[in-house]
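So the chains spell out like this:
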Amino acid sequence: MSTLIPLIALLAQGTSEQEHVPPDPPTAQDDHSMPYKEMARMMEMDDRSTFGKVMLDRLEWRDADGGSAFEWNADAWYGNDYDKLWLKTEGKRHAGETESARTELLWNHTLTRWWNLQSGVRHDSPSGASRNWAALGVQGLAPGFIDVEATMYVADQGRAAARIAAERDFLLTQRLILQPELELNAYAHDDPVNQIGSGLSDLELGLRLRYEPRREFATYLGLAWTRHFGTTASLLRSGGDDSQQWQAVAGLRMWF
Amino acid sequence: MSTLFNARLSRRHFVQGLAGSALLGSATRGPAQNAAAPSVLIGPNFDLSIDTLPANFTGNARRATAVNGQVPAPLLRMRQGDTITVRVTNRLPRPTSIHWHGMIVPADMDGVPGISFPGIAPGSTFTYRFKANQYGTYWYHAHSRFQEQVGLYGPIVIERRGGERHASDREHVILLSDWTDLDPEHIYTTLKRQSDYYNFGKRTVGDFFADARRNGWRETIADRRMWGEMRMNPTDLLDVSGYAYTYLMNGVTPTGNWTATFNRGERVRLRIINGSSMSFFDVRIPGLKMTVVAADGQDVEPVTVDEFRIGAAEVYDVIVEPSDDRAYTIFAQAMDRSGYARGTLAPRAGMSAEVPAMDPRPLLAMSDMGMAHGQDMSSSDMSQMDHAAMGHTMPMPSSSGGALKHPATESSRNVDMQVAQATPRLNDAGVGLRDNGRRVLTYADLHTIGGPIDSREPGREIELHLTGHMQRFIWSFNGQKFSEAEPLRFMHGERLRVVLINDSMMNHPIHLHGMWSELEDESGAFLVRKHTVTVQPAQRVAYQVTADAMGRWAYHCHLLYHMEAGMFREVVVAHGEQSSEHHHS
């Protein structure tokens, strides 16, 4: 059967080879491609085009001694597949004043399959003295879907610092997501006016349970455990603060 | 419909759409066409007018891009051998275009702005002229940005000179599509911001424990570890899901229930076109066998199946013979089971049959990642796979055996995975259809009647790897986006073999304009002539092409957002020194 049908078709109708008619050559087509930009404009198809995203990852209230504290962590990027301008900001307000604020403006360059190089500047405006740093680091996705940021900073007077942050999502349902998070800061030199000591300065472990009624908007509850180490811890204790604390957190996460 | 009710439309309502056909048209036109009777224009001369139109498929007022006030665009009926003239007038405020998908027309009539012609400027009319040398079911759609997504698609039927080879008593065209209330620009931007945004079928912590109970801790942990090392998701089946889409059959929502009629005992030919932008459908008609008689407009040796998968832009003609006085559901579930298009085949209008439940959402299998079944899933194997795959510059041997080599350009930050082995698997029904108890069509079942259009052996081979980066939503051939690649050059008259190796975990329907893709089996023998060839994850597919179409052509993945993101090449067919003397009679 399967061999008969084409045979019959061949006898009755001729082969595809006989039936196929190539198209006439074009009469009104340019011979050569235009420059990519012009072509992309005409095609309305440009794989070099730029995009942007604003991520307010944490707008967070924390129960703290003497009332609640507000912390934020946000970033924004704009650029193409390979190069993006990246803005990051993180900080804490407590008792009516900004205790700490870190802002980074970075050039994000896609380096490998999973990692981006980030370089730029960082400005700290804590309640003490502000500091400016040059920043160089990587950001990417580590095995196991762990979002990682690892950055080195240098400033004048030989100051140096390092920061590592990592987080991962565990889906309880498609919209209820548990997110463990880790952040570690280290400094090369004492900075007593900003209550920073040399060495490993602080570690924060967080666990947040967020609900996403929409992907772009979530509310969450969680716990954060902060511990300060070494000289930083001593400086805090001498100022009457705890070097280690548990805090309940509640917040909003949104992006657009 | 009250505002209150509008505001409370459930997701189910959103996905399944409104009862009745979409409310199209302005006040002056009245509430539009009954889409159950799609309008038909008879050739050889057509006048098409492209304009935006109010549309309401889900309860939300939106604007569609319509042809002659219709979504889908009217059916164009032509006769084989006629010289066709189509005057297309653009009443949009932006350029537009129409591409005749699957029709072999001169390069300047092919309708791809920037390649075929400059496009059709607002307010102007472009006249397409070409000869309909072929016959069969095809379709037309815009090739301008996302106009295809918002409604600019319609069917084409070219009647065969001397009558159809496979006789039928009546026929219906079934055009499947994926409507969205969202702005496609927003969808594209969203995919760039969070590529798994539309995937609401990911594995949860609960699934982990369920798997551990079923398969044991050891295997479950190894499985999660493997996917974690790859940073891939086995539920990544379609980039845009039923969360954003309402699937339409001839422009009618599932609730609207598009209905086609038959008389008992008739042979009914269904010309089924996937005119969607981003969707694969698994199509079946519970209670009826379907005899596939044509693929991509080309008559094939009849093969009877229960179900077939149809990729974006693919076309299958089937014949069904309903013998009972009852209704049958035409069921087209999206590959990720996030929704379905549905209609009814019935002796009389107003009847309906049970709508089957969607199948469980499938997971990608080992074979979809280029790993053999039963291969150890330990991380050492995974890293081996990674390293074995990288850094090679040697071309792939034409046989399917041996270690797989990847082009140097693929060692790119644009490419998130490379398969260790790619197999033809032409008899693989694909993810979600394997061993489902139904007879499912595969490419191995398809045999075009009349053989290939060119019996010469291919003189050379071009290998292209289908590549991408899921997380960054970058898509490419050989790790190079359109902007980074030179055009592919075919010598006029040559017969060549194109080998496609899918290094990604998604299915890609690859469409070559202007020339046929003549799929071969594992031994190199001719199988089927297609205009759009779906390549499954970790699959190696080879087809032969006769470069008999002078000019510049588009070659791309027919998932619209993959194309926009770089999975596109230009093909230039020009006279070359080695050009053969081959001519067709």
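Since the structure is predicted, the reported quantities are computational estimates derived from the model, not experimental observations. (Residues numbered from 1 in each chain as written. Chains lettered and ligands numbered in written order. Predicted model: local features only at pLDDT ≥ 70, side-chain atom pairs only at ≥ 80, totals over all residues.)

A. Summary view of the overall build of chain A. The secondary structure content of chain A amounts to 4 helices and 13 strands. In summary, chain A has a C-alpha radius of gyration of 28 Å against a globular reference of 18 Å for 256 residues, an excess of more than 25%. Considered along the principal axes of its C-alpha atoms, chain A spans approximately 100 × 45 × 30 Å. Per-residue burial for chain A yields a buried fraction of 24% across its 256 residues. Across chain A, every contact between residues at least 6 apart in sequence was considered, and the portion connecting residues at least 24 apart equals 40%. (Helix = DSSP H or I, 4+ residues; strand = E, 2+ residues; numbered from the N terminus. Rg over C-alpha atoms; globule rule 2.2 N^0.38 Å. Buried ≥ 20, exposed ≤ 12 C-beta atoms within 10 Å, placed from the backbone. Contact = placed C-beta atoms within 7 Å.)

B. Focus on the interface of chain A and chain B. The partner chain B presents 58 residues to the 48 residues of chain A that form the contact. With 5 residues, helix H1 (residues 4-13) of chain A is the largest single contributor of residues to the side of chain A that touches chain B. The residue inventory of the side of chain A that touches chain B, partitioned by class, reads 24 nonpolar, 14 polar and 10 charged. (Nonpolar A, V, L, I, M, F, W, Y, C, P; charged D, E, K, R; others polar.)

C. Looking closely at the nonpolar core. Val 292 and Ala 332 of chain B are the most contacted members of the largest nonpolar core, which has 161 residues in total. The residues touching Val 292 of chain B, leaving out its near neighbours within four places in the chain, are Val 300, Pro 302, Val 303, Val 305, Phe 308, Tyr 316, Val 318 and Leu 441 of chain B. One finds Leu 106, Trp 133, Ala 135 and Ala 161 of chain A within the second-largest nonpolar core, a separate group that totals 9 residues. (Core = buried A, V, L, I, M, F, W, Y, C linked by C-beta atoms within 7 Å.)

D. Molecular detail of the sheet that holds strand E7 (residues 125-131) of chain B. Residues and elements named next belong to chain B. Pairing within the open sheet is mixed, and its 4 strands lie in the order E3-E2-E5-E7. The sheet terminates laterally at strand E3 (62-67) and E7, the two strands that pair on one side only. Taking each pair of neighbouring strands and ignoring which way they run, the sheet shows an average axis angle of 20 degrees. Summarising the sheet, strand E2 (residues 45-55) and strand E5 (residues 83-90) pair through 6 bridges and their orientation is parallel. Bridge pairing in E5 links Leu 48 to Val 88. (Pairing = 2+ DSSP bridges. Axes fitted to C-alpha atoms, helices over the stretch in contact; angles between N-to-C directions.)

E. Expanded view of the pairing of strand E30 (residues 551-557) of chain B. Residue and element names in this part refer to chain B. The buried fraction of E30 is high, at 7 of 7 residues. Pairing geometry for strand E25 (residues 508-512) and E30, over 3 bridges, is antiparallel. Following the sheet pairing, Ile 510 is matched in E30 by Cys 557. Direction of pairing for E30 relative to strand E31 (residues 568-574): antiparallel, over a ladder of 6 bridges. When the bridges of E31 are listed, Trp 553 appears paired with Val 571.

F. Broad picture of the pairing of strand E10 (residues 170-180) of chain B. All names here are of chain B. Among the 11 residues in E10, 9 count as buried, and that is most of the element. Across 5 bridges, the pairing between E10 and strand E11 (residues 245-249) is antiparallel. From the neighbouring strand, Asp 178 faces E11, where its bridge partner is Tyr 247.

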